[in-house]
Amino acid sequence: MRNMTIFRSDSTPQIGDAQKFGLIYAQLGFYVFDWNLHGGPYKREREPTSNMDTELKRKLMAMASIPSLPVKFTELKEMANV
């Protein structure tokens with residue numbers, strides 16, 4: 001399988017940089033939730049601050065199997081039982 005690069009490496013934060021992670025991914029058009037890995041609920045920390053770039057959206061939609069959740073992120077403040 002060919003490695004598909006979704007994000008430029010200079011636009012993504014380094015591991016452990018949660019504040020920068022949230023800011024950058026919100027700027028890319030994603031909803032960002034906390035990382036409480038011990039059962040949640042996971043709370044929304046950021047909403048998208050801009051629309052997702054057309055090229056990024058195209059790359060995401062071209063992935064063979066992209067996970068999806070039956071929720072409306074615009075209405076979701078926290079998520080449990082994921």
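The rules behind these values
- Residues numbered from 1 in each chain as written.
- Predicted model: local features only at pLDDT ≥ 70, side-chain atom pairs only at ≥ 80, totals over all residues.
- Heavy atoms only, no water.
- Helix = DSSP H or I, 4+ residues; strand = E, 2+ residues; numbered from the N terminus.
- Polar contact = N/O pair within 3.5 Å; in protein donor to acceptor, adjacent residues only side chain to side chain.
- Contact = heavy atoms within 4.5 Å.
- Phe/Tyr/Trp six-rings, centres within 6.5 Å; stacked < 30°, edge-to-face > 60°.
- Buried < 20%, exposed > 50% of the residue type's maximum accessible area, 1.4 Å probe, protein only.

(A) Examining the side chain of Arg44 more closely. You can see Arg44 is positioned in strand S2 (residues 42-46). Looking at Arg44, its side chain comes within polar contact range of the side chain of Glu47, at 3.0 Å. In this structure Arg44 touches Tyr31, Val32, Phe33, Phe73, Thr74, Leu76, Lys77 and Glu78, once residues within four positions along its chain are discounted.

(B) Structural detail: the packing of aromatic side chains. Scanning the model with the defined rule gives four aromatic pairs in all. With centroids separated by 4.5 Å and ring planes inclined at 40°, the aromatic side chains of Phe21 and Tyr25 adopt a geometry described as tilted. Of the two residues, Phe21 and Tyr25 are both situated in helix H1 (residues 18-27); the distance of four residues between them amounts to about one turn of the helix. The exposure class of Phe21 is partly exposed, given its relative accessible area of 25%. Its relative accessible area of 14% is what places Tyr25 among the buried residues.

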